[in-house]
Each structure stands twice: as structure tokens, then as C-alpha cells.
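Coordinates in review
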Amino acid sequence: MPSDELQLNDPVHIEQANAPLEGVVAHLGPVQFASGSDWIGIRLTGASVGKGKNDGTVKGERYFKPGGAKNGMFVKRANVKKRKLSKLEELRLRRELTGSAA
């Protein structure tokens, strides 16, 4: 599998003009609100929490649960880069994701 191929729960950077964001992949593939199959649903994490555009729901269709009202967003694959995490970052991310799932 190529190193840039994304899977669910992969940590990623979202490239935006105003400020890059970070999160994990929460949805891959087609969506009902737009054409194309290269949409990525992102659950925002760390300093990016609360800077999203939705709660994983768009036009009444739930795609994922991001753990908060503005913790989700959808972007095209070209705007997402896989993040490499240190062991400490992995532990922090795991704690964040499991803590908010309760």
C-alpha cells in the first residue's frame, strides 16, 4: 500500500489558505452533498478542535461522529496530507479520541 494512501483513523493535516488544521480521517469516499468520490471526512483534533464546519452531518446525512458541533469537516483528497506522529503524539491522540468517545 502506498504511504500516502489514507485509511480511517489516520492522523492528517488539512491544508487551507488561512490556517492548516489537524485531525483524523473519519470518512472516506462518496458523499450525497457533492459529486466525486475523493471526499475525506475529518474529525478535528488538538488545537484544531472547534474550528470545523459541521458535526459530521451534512444536509441531514450523518457520515461520522466528531465529538462536537464544530469538530468535523469535509475536504477533497488533494487538501489532506498524512501526518507522521511521534510516540508521545500517538499517545496524546489516542487519549483524546477515546476520552471524547465516552
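Please refer to the structure higher up on the page.
Just so it is clear, the model here is predicted, and its values are computed rather than measured. (Residues numbered from 1 in each chain as written. Predicted model: local features only at pLDDT ≥ 70, side-chain atom pairs only at ≥ 80, totals over all residues. Heavy atoms only, no water.)

**Observations regarding the pattern of salt bridges**
Heads up, the rule is: For this analysis, a salt bridge means a side-chain nitrogen from Lys or Arg found within 4 Å of a carboxyl oxygen belonging to Asp or Glu. Under the DSSP-based scheme used, a helix requires at least four consecutive residues in state H or I and a strand at least two consecutive residues in state E, with every element numbered from the N terminus. Here the term buried applies to any residue with accessible area under 20% of the maximum for its type, exposed to any over 50%, and partly exposed to those in between, with areas from a 1.4 Å probe on protein chains only.
Under the defined criterion, the tally for this structure stands at four salt bridges. Note that Lys-82 is salt-bridged to Asp-10, the shortest N-O span being 3.5 Å. With Lys-82 in strand β7 (residues 80-82) and Asp-10 in the segment before β1 (11-14), this pair connects stretches of sequence that are 72 residues apart. According to the relative accessible area criterion, Lys-82 is partly exposed, its value standing at 37%. The class of Asp-10 is buried, set by a relative accessible area of 14%. Arg-62 is the salt-bridge partner of Asp-55, the closest N and O atoms lying 3.9 Å from each other. What makes Asp-55 partly exposed here is its relative accessible area of 28%.

**Section: the sheet that holds β1**
Stated formally: One requirement defines pairing of two strands: DSSP has to find at least two bridges between them. The angle between two axes is taken between their N-to-C directions and runs from 0 to 180 degrees, where each axis is a line fitted to C-alpha atoms and a helix contributes only its stretch in contact.
Judged by pairing direction, the sheet is antiparallel, and its five strands sit side by side in the order β6-β3-β2-β1-β7 without closing on themselves. Of all the strands in the sheet, just β6 (72-76) and β7 have a single pairing partner and so form its edges. Averaged over all neighbouring strand pairs, the angle between strand axes comes to 45 degrees, with direction disregarded. Sheet topology note: the β1/β7 ladder contains three bridges and is antiparallel. Across the sheet, the residue bridging to Ile-14 is Val-80, located in β7.

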